[in-house]
Structure formats: C-alpha cells, structure tokens
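Summary of the model geometry
Each chain, letter by letter, is given below.
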Amino acid sequence: MVRVVFLFLVLILTGCSVPVVNDPYPAGEWQSNTLYLGFVERPKHLDPAQAYSSDAYAVIGQILEPPLQYHYLKRPYTLIPLTLSAMPKVTLIDTKGRILPADAPAASVYRSIYELHVRPGIYYQPHPALARDAAGRSCYIPLSAHQLAHMRGWRDFTQLGTRELVAADYAHEIRRLASPQVNSPILGLMEDYIVGFRAYAQMLDRVAGRWSQDRYLDLERYPLPGVQVVDRYTLRIELQGKYPQFLYWLAMPFFAPVPPEVDAFTHQPGMAAHNFTLEWHPLGTGPYLLSFMQPNWRMELSRNPNFHGERYPDSGDPGDAQAGLLRYAGQSLPFADHVVFTLEKEVIPYWDKFMQGYYDLSLISSDTFDQAIRLDAQGEPRVSPELARRGMQLDTAVMTSIYYVAFNMLDNVVGGYSDRARKLRQALSIAVNYEDFISIFLNGRGIAAQGPIPPGIFGYEDGEAGINPVVYHSVNGRIERRSLDDARRLLAEAGYPGGRDAHTGAPLVLYYDNTFTGPDAKAYVDWMASQLARLGIQMVSRSSDFNRFQDKLRRGNTQMFVGGWNADYPDPENFLFLFYGPNAKVGSNGENDANYHNARYDALFDQMKYMPDGPERLRVIQQMISILRYDAPWMFGYFPRQYMLRQGWVGPGKANVIANNTLKYVHVDPALRARQRQAWNHPVRWPLFVLGGLVLMVLVSARFASGIRDRMTAR
C-alpha cells in the first residue's frame, strides 16, 4: 500500500516540475526562438515551377529567392531587389534594333530586353546535390543503386555542399517552366511573352515524347533563345513587345533559381520513389531551409547557415514609425531561428491552442469573431477586453481580392448597352446593399467596393475622390449608398416600374447563378433575393457545382452570377483586364466573364497597360473606371479584409497580403512567451489530491478489513 501511495505522489510532484503539462511541443523547445504557426491544408507542390497556392507559398516563400521582392512596409506595394544588385534594366527596341524611350507606344516596341545583375556572394543552403569530394567530383551524381539502397530519409545523405548563386540558375528555372516533365501552370502565359518560348516548349515536348517517361530531360542541352546568360552574374531575358508587368512575375517563386545539378540529382532513378524531389525538398538561398517535412502533421523551417543576410527596412509609410514598425530598423534578418507549422484541420482547436499560447499568430474566422473583436464608437475593430489584457494585438489589411456579382452582357434582359439595360443594372447595383452583407456574413471583415481596384494597388482612390457616383453620394462629408427611391426611379426609367414590365405587366424575374454550398448557402441566396424583392423583382437561384458553373460561363448561359478575383500581382492591369473586350469568356475563354465590350474602354486599356505608375496613368485609370461605373457590368461587391491576431510577445507587424516571404520580419520574445504560457495553463491539481485521498482511504479500509478477517480466522 505504501509503495502505491508513494508512486502516486511521485507522479503528482513530477507533473509539478514540468513548466506546462499540456504543452504540445517537445520540452527542449520551451524557450527556443521559434515561431509557431498552423496550416489547414497540406501543400500540393513545393517545386517553384509548379507551386501556385497560398499553402505552398507560406513555406517556399521563406526558402526560395526570386530576383525581386516587395518592400515590407511601403504601400502601394513596391518592388525592390532581392538577389539583384539593382532593379532590372529594361531596354525597348523596334524592328530595326533601335533603342526606344521608356514611354514609347506599345505598337512601336518589337522587343523588351530585361537585364538582371545577380549580386555576388549569395550561397545556397547545404544540399547533397552540391556536395563534392576532394577531387571536385559530385558525391551523389550519379547515385549508384547500392548508395540509394541505404537511403531511407533525407538525413542519410551525409555529405552536403554549397555553391554561389549565378545567373545560369535563373535561366535553368525559366527553361523548367517549359518542360513537359514539370507541367508549370504559367506555361501558357509565358508563351505569349518570352521570345521563342512557345517553340521551345513544343520542341521539348517532341524530344521527351521519344523517350521513356522516367528518362531525365537535361535542359542544359537545349538553350532557350529568349533567355541568355551573358556572364556569371548577368542574365538577359527578351520579351515580345512591351510587357511592364513582367517585373511582378520576377517576384514570384516561378522565377526562383534552381541549379541544374539539383535538377539532375532529383531525377536519378529511384529518387522519386523515395520522395527525394523538389516537390518535397525545395532548395534555396533564402533565410530558411526545410528541416522536417511531414505534410499531414508538421513542417519545420530552420535558419539557413549560408544565408547572405538582410536588414529590416529603415523606412516605410507615414505613420509606420508611430506604430512601432521601425522598432527593428537595420537589424539582421531573420529574427526567428525556427518556424514550426502544425496541421489544424478545424478552426476551434486552432483557436483554443492560440488562446493557450501555443500559436503566435491567428487569423480571425466567423466562429471566433465575437470572442476576439469589439467595435468601437466609430465602428473600427478592436481586440476584446479579455484579449487586450493578455497583450494581444490586431493587424488588419484589405486583401487584393474582390467579390462581385456580374451581369452577362450578352443576355437580352440585363445585358447590352441600351439605356434600358444600363439603368436596370444601375438600379440593381444600388439596391444590393453590400454594407449589410459585410455586416451580416463577414462580421465587418470587408469594405464595399467603389470600383474594381482594391486598396494597396495603384489607381485606388480613397474618400470622395474614389466614390462611385452611380451607387453612392456624399452627405455632409460622409459617403452613403443612394436610397432605394433612387433605385426605384432608375428601375422605372428602365421600363420596370415596381418590378413589372411597363408594357405587359409581367413581373421581372432574374436568374442568379452561383456555386454556393454548405450550411450558409441558403442564407446567401435568401439575402440576395430579399435585396431584389425591395424593388419588386423576383429572383430564381440556379446553384451548380464549380465545373458546371464554368461551363455555363463559357457558353454564355448565365444572367447574373457570383464571381471573385484574387490578384496575381499588385498592378491595376490585373483587375482592369477583367473588362477588356478581347478577354471575353464567350468565344475567347478569357477572364472577362461578363463578356463586357466597350471600344473606348478597350482603347484606354491598351494605353494604360504599358504606362508606368504616375499622374498620367492615374488619369487614364480614372477614365476607365468612370466608364465601368456608368455601364455597370458588375455590382462591384466588396474587398475582403484580413484580421490577424498576434500574441503580446510578437513584435509589431504590417500585414502584407502580396509578399510571400514575410516570416523573416516576425520578431518573438521567447522568454515572455514562456511566462505567459505558464500563466495561462495552470494545471488544476486539487482533484488529483482528492482522488489520492480517496484511494488512500480505500486502501486503509481494505487493510483494516483484511486484518479483522485474519484475526477471526486465527481464532
């Protein structure tokens, strides 16, 4: 009995010696300089030529380094060099090879030549493909069957090496975008711009078609005319015509360098079967390397010992200094030694662990909004008193995305360019109150759109300067949606007084195509129906799955429908091209799903697309948006707003919804985190002592009863 009680007390006392008994991380990480994050869906690709999702970019953005990056603090979003010594030099030439000025009309430009100068002294992370013996021979290329047989995991490659980043590595990655063994999602786009790219991709396809599927296609044997390595650090890329938006692509992982020897290393026989590929083991020159990979559970990044170094920016926007965003100006990056991503498939467990201090950052969902946020007297979000007492801070940013309802301009009711159809669309745009939608369905996490360009993108104008006069007006300095009376007047002028055809008296019935699913689907549809009912209009919802919906768009079998767009890069062209006539969905299968066509707008788009940011470009954009507001091919809907909570031990940050490589700027205080975790996770031990007492009483009673039985037996 004594031994049992002693063991029980030992267990209790041992629990008291552990800092936090419910800590989900190894004990050795208790005060480590580690950033803890969660992810909800495993990335499908980590190969830079294939990855095209936020889940993948959250990981590879910290490992890979394309030539350019976005300034962490400046808005509108601004490109700066990352691995280059300066921004690319762009030279425009005509068909006779004569150099043209930077503002030359696009029609006169035959080629655009981008010259990139890689900064010397940048080295790759340690990697077996770069390992060489004393004689300079590769340790693992070729890899014998005997060697491979002893490789069970990535750590079994005991020999690691590095080398300097050179221009040829960027050239190799661009060739990979055309390889049939890679299947890059931007192949079709690059075919339109990089000189010789389409023919190059076709040639590689023919070559690979003559071989077995497993044979490695050595791209170093097949030069690409439009991509030339001038010298060790200089790369020259030739584009057809004028395409200034190409600079934005140079900030995306698609253009991150891949050394040819790494490509050859991963394509050796047997490597794919062991997952020794770029898909799961990306190689880069960035601040971190992937040190642990179990995508269905946990991914870990560790500091790259060969990182070339970078400093926190010493300047930003007005107000950044007052917000504490320049506190770390000039300090060495990255701040955290490690980054740990843990899979959390459900919102509530993620939130509970965040509240226990086991995650450092957390997005706010609808399920956790009421617990996290309070609105002040001006309607601005603030953290709740409970979270404020814990020192948590709220960072918000408007996403470079837009959600809208589009009208099919080919439809014989809502489409077309007559006054009747235009006024009908304008009336509907007023009546559908997106401020209410944002309040009801998004807990205020969005702003109603006055046009297609979101904040943070050049061309967006705030306040009265950016008002949509068709839908809004200024009342005593406040921007307000026009009244339903204005909408009813426009509806009557369109020939539908009270929601009925003025000639036949038949009710106006509109068809609303969408892909709504899940428990909120009916609420969304009912809300839209109620908005139209305020004008006396009847609505019929036509829900379908994504593939069926896309087929209806291609065929033009829609009337009004839900749409959304997320920017690939922060240029107004990436939003305004959604209304460009030649991009119509019907006939061209472009992204202009409203099938909108306005000759004046198209001419202005052709002009704006090639202009640098500045007053002249802004004036052109203002004209284009004015045309869109008048024609109303969309109800402009809303721009979603991201709410991010950071723990009190996480330094001030600025949400950057375009950049992929921002974890290097996140500063944590491990000592404060350890104290807070301990304070928030006190174990409740009194039930154990009560249980121990009960066990002791039972044992004593049993011992006493046993003694009585023994004495009675003896008698």
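Here the structure is a predicted model, which means the values were calculated and not measured.

1. Here we look at the overall build of the chain
- Across its full length, the chain carries 22 helices and 25 strands.
- Summarising its shape, the C-alpha atoms of the chain cover approximately 115 × 75 × 55 Å along the three principal directions.
- Contacts in the chain between residues at least 24 apart in sequence constitute 72% of all its contacts with a sequence separation of at least 6.
- Side chains of the chain carry 71 positive and 70 negative charges; the gap between the two charge centres is 4 Å.

2. Topic: the confidence of the model for the chain
- Of the residues in the chain, 93% reach a pLDDT of 70 or more, and the chain-wide mean stands at 91.
- Contacts for the low-pLDDT stretch residues 5-17, under 50 throughout, to residues beyond four places or in other chains number 10 contacts.

3. Some words on the sheet that holds strand S7 (residues 227-231)
- Pairing within the open sheet is antiparallel, and its 5 strands lie in the order S5-S4-S6-S8-S7. Both outer strands of the open sheet, strand S5 (99-100) and S7, are each paired with one neighbouring strand and no more.
- Alignment of S7 against strand S8 (residues 234-240), held across 4 bridges, turns out to be antiparallel. Bridge pairing in S8 links Gln228 to Arg236.

4. Here's the deal with the sheet that holds strand S13 (residues 338-343)
- Taken together, 4 strands build an open sheet; the order of strands is S1-S13-S10-S9 and the sheet is mixed. At either margin of the open sheet sits one strand with a lone partner, and together these are strand S1 (34-39) and strand S9 (288-294). The mean angle between the axes of side-by-side strands here comes to 15°, regardless of whether they run parallel or antiparallel.
- Note that S1 and S13 share 6 bridges and pair parallel. Residue Leu37 lies in a different strand from S13, and its bridge partner there is Phe341.

5. Considering the layout of surface pockets
- Here the second largest pocket defines a volume of roughly 1400 Å³.
- Around the second largest pocket, the lining is made up of 46 residues, and of these Glu380, Val398, Gly446, Ile447 and Arg641 lie nearest the centre.
- Elements represented by at least two residues in the lining of the second largest pocket include exactly strand S17 (393-398), helix H13 (434-442), strand S19 (446-448), strand S21 (478-481) and strand S25 (634-646).
- Here the lining of the second largest pocket takes 5 residues from S17, the largest share from any one element.

6. Structural notes on the environment of Pro469
- Positionally, Pro469 belongs in the loop between S19 and strand S20 (472-475).
- For Pro469, a relative accessible area of 48% puts it in the partly exposed group.
- In this structure Pro469 touches Arg482 and Arg629, once residues within four positions along its chain are discounted.

7. Thoughts on empty space enclosed by the protein
- Using the criterion set out here, one finds 1 cavity of 30 Å³ or more in the structure.
- Taken as a whole, the largest cavity holds about 110 Å³ of empty space.
- Around the largest cavity sit 16 residues that line it, and Ser429, Asn468, Val471, Met635 and Phe636 are the ones nearest its centre.
- When contributions to the lining of the largest cavity are tallied by element, the ones reaching two or more residues are helix H12 (419-431) and S25.
- A total of 4 residues in the lining of the largest cavity trace back to one element, the largest contributor, which is S25.
- Here the lining of the largest cavity is composed, by residue class, of 10 nonpolar, 4 polar and 2 charged.

8. What to know about helix H15 (residues 521-533)
- Here H15 is 13 residues long and its end C-alpha atoms lie 18 Å apart, about the 18 Å a rise of 1.5 Å per residue gives.
- Residues of H15 that are buried make contact with strand S18 (401-407), H12, H13, strand S22 (509-514), strand S23 (538-543) and strand S24 (560-566).

9. Overview of the packing of H12 against helix H14 (residues 484-493)
- Relative orientation of the contacting elements H12 and H14 amounts to 160°, with a least axis distance of 8 Å. It follows that H12 is roughly antiparallel to H14 by the angle criterion. H14 is crossed by H12, and the crossing has left-handed handedness. Taking contact as the criterion, the partners of Lys423, Leu424, Gln426, Ala427, Ile430 and Ala431 in H12 are, on H14, Leu484, Asp486, Ala487, Leu490, Leu491 and Glu493.

10. Comments concerning helix H4 (residues 167-176)
- Along H4, 9 of the 10 residues are buried, which leaves the element largely enclosed by surrounding structure.
- All buried positions along H4 are accounted for by Ala167, Asp169, Tyr170, Ala171, His172, Glu173, Ile174, Arg175 and Arg176.
- On its buried face, H4 sits against helix H6 (197-209), S7, S8 and helix H8 (260-266).

Scoring rules and cut-offs
Residues numbered from 1 in each chain as written. Predicted model: local features only at pLDDT ≥ 70, side-chain atom pairs only at ≥ 80, totals over all residues. Heavy atoms only, no water. Helix = DSSP H or I, 4+ residues; strand = E, 2+ residues; numbered from the N terminus. Contact = heavy atoms within 4.5 Å. Lys, Arg positive; Asp, Glu negative; His and termini not counted. Charge placed at Lys NZ, Arg CZ, Asp CG, Glu CD. pLDDT = per-residue confidence, 0-100. Pairing = 2+ DSSP bridges. Axes fitted to C-alpha atoms, helices over the stretch in contact; angles between N-to-C directions. 1 Å grid on protein atoms, 1.4 Å probe; cavity = no way out; pocket = protein on both sides within 12 Å on 5 of 7 lines; lining within 4 Å. Points joined across faces, edges and corners; volume = space filled by probe spheres on them. Buried < 20%, exposed > 50% of the residue type's maximum accessible area, 1.4 Å probe, protein only. Nonpolar A, V, L, I, M, F, W, Y, C, P; charged D, E, K, R; others polar. Expected span 1.5 Å × (residues − 1). Parallel < 35°, antiparallel > 145°, perpendicular 65-115°, else oblique. Left-handed = near helix turned anticlockwise from the far one by under 90°.

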